[in-house]
Amino acid sequence: MASQVVRPGETIQLTGIYGARYKRFPLGALFMRNITLKMGLNPATHLIPDLYRLLREKKLKAKDVITHRFTLEEGEKGFRMFAHKKDRCIKVVLMP
């Protein structure tokens, strides 16, 4: 979806944990619109076993991990809140 909504010449940032092969990647569309794609692994993979354990033991609900929701326009505010761990921020979701 990001490849369809980003303006020509802009950047898409993909951060997370991703390991699957994806054959329908829109490389041509990104190339023709001069889109920069930046990506990297989330440095929190070491936390996954503990999260699974907490979910199995019902000490954590998956929906509890999302602590904050912002509109796309508030994205910078959400990023800063997450980066500085303000207001006990764990996970921010940006909503269109």
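Q: I'm lost on the overall build of the protein chain in this one. Help?
A: Across its full length, the protein chain holds five helices and four strands. Secondary structure elements in the protein chain, listed N-terminal to C-terminal, are α-β-α-β-α-α-β-α-β. For 96 residues, the compact-globule formula gives about 12 Å, and the C-alpha radius of gyration of the protein chain, at 16 Å, lies well above that figure. Put simply, the protein chain has 96 residues, and 14% of those count as buried. Excluding contacts between residues fewer than 6 apart, the proportion of contacts in the protein chain whose partners are at least 24 apart in sequence is 56%. Looking at the protein chain as shown, the accessible area adds up to about 8700 Å², and 59% of this sits on carbon and sulfur atoms. Each charge class in the protein chain can be summarised by its mean position, and for the 19 positive and 8 negative side chains these summaries are 7 Å apart.

Q: Where do I start with the packing of aromatic side chains in this structure?
A: A ring pair, where both rings are aromatic, is described by two values, the distance of the centres and the angle of the planes. Taken as a whole and judged by the stated rule, the model has zero aromatic pairs. Above the face of the Phe 82 ring, Lys 85 is positioned so that its terminal group lies 3.5 Å from the ring centre.

Q: What exactly am I supposed to notice about the side chain of His 68 here?
A: Inspection of the secondary structure puts His 68 in strand E3 (residues 68-71). Looking at His 68, its side chain comes within polar contact range of the side chain of Thr 67, at 2.8 Å. What His 68 contacts, discounting residues up to four positions off in sequence, is Met 81, Lys 86, Asp 87, Arg 88, Cys 89, Lys 91, Val 92 and Val 93.

Q: Please explain the pattern of salt bridges as it appears in this structure.
A: Per the stated rule, a full pass over the model turns up four salt bridges. Put simply, Lys 59 and Glu 57 hold a salt bridge, and the shortest N to O gap is 3.3 Å. A residue is classified by how much of its surface remains accessible, and Glu 57, at 39% relative accessible area, is partly exposed. Three or more residues are tied together by salt bridges with common partners; here these are Asp 50, Arg 53, Glu 57 and Lys 59.

Q: What exactly am I supposed to notice about the environment of Met 95 here?
A: Here Met 95 is to be found in strand E4 (residues 92-95). If we ignore the near neighbours within four places in the chain, the residues touching Met 95 are Arg 69, Phe 70, Thr 71 and Leu 72.

Conventions and cut-offs
- Residues numbered from 1 in each chain as written.
- Predicted model: local features only at pLDDT ≥ 70, side-chain atom pairs only at ≥ 80, totals over all residues.
- Heavy atoms only, no water.
- Helix = DSSP H or I, 4+ residues; strand = E, 2+ residues; numbered from the N terminus.
- Rg over C-alpha atoms; globule rule 2.2 N^0.38 Å.
- Buried < 20%, exposed > 50% of the residue type's maximum accessible area, 1.4 Å probe, protein only.
- Contact = heavy atoms within 4.5 Å.
- Areas by Shrake-Rupley, 256 points an atom, 1.4 Å probe, with all protein chains shown as cover.
- Lys, Arg positive; Asp, Glu negative; His and termini not counted.
- Charge placed at Lys NZ, Arg CZ, Asp CG, Glu CD.
- Phe/Tyr/Trp six-rings, centres within 6.5 Å; stacked < 30°, edge-to-face > 60°.
- Lys NZ or Arg CZ within 6 Å of the ring centre and 35° of its normal.
- Polar contact = N/O pair within 3.5 Å; in protein donor to acceptor, adjacent residues only side chain to side chain.
- Salt bridge = Lys/Arg side-chain N within 4 Å of Asp/Glu carboxyl O.

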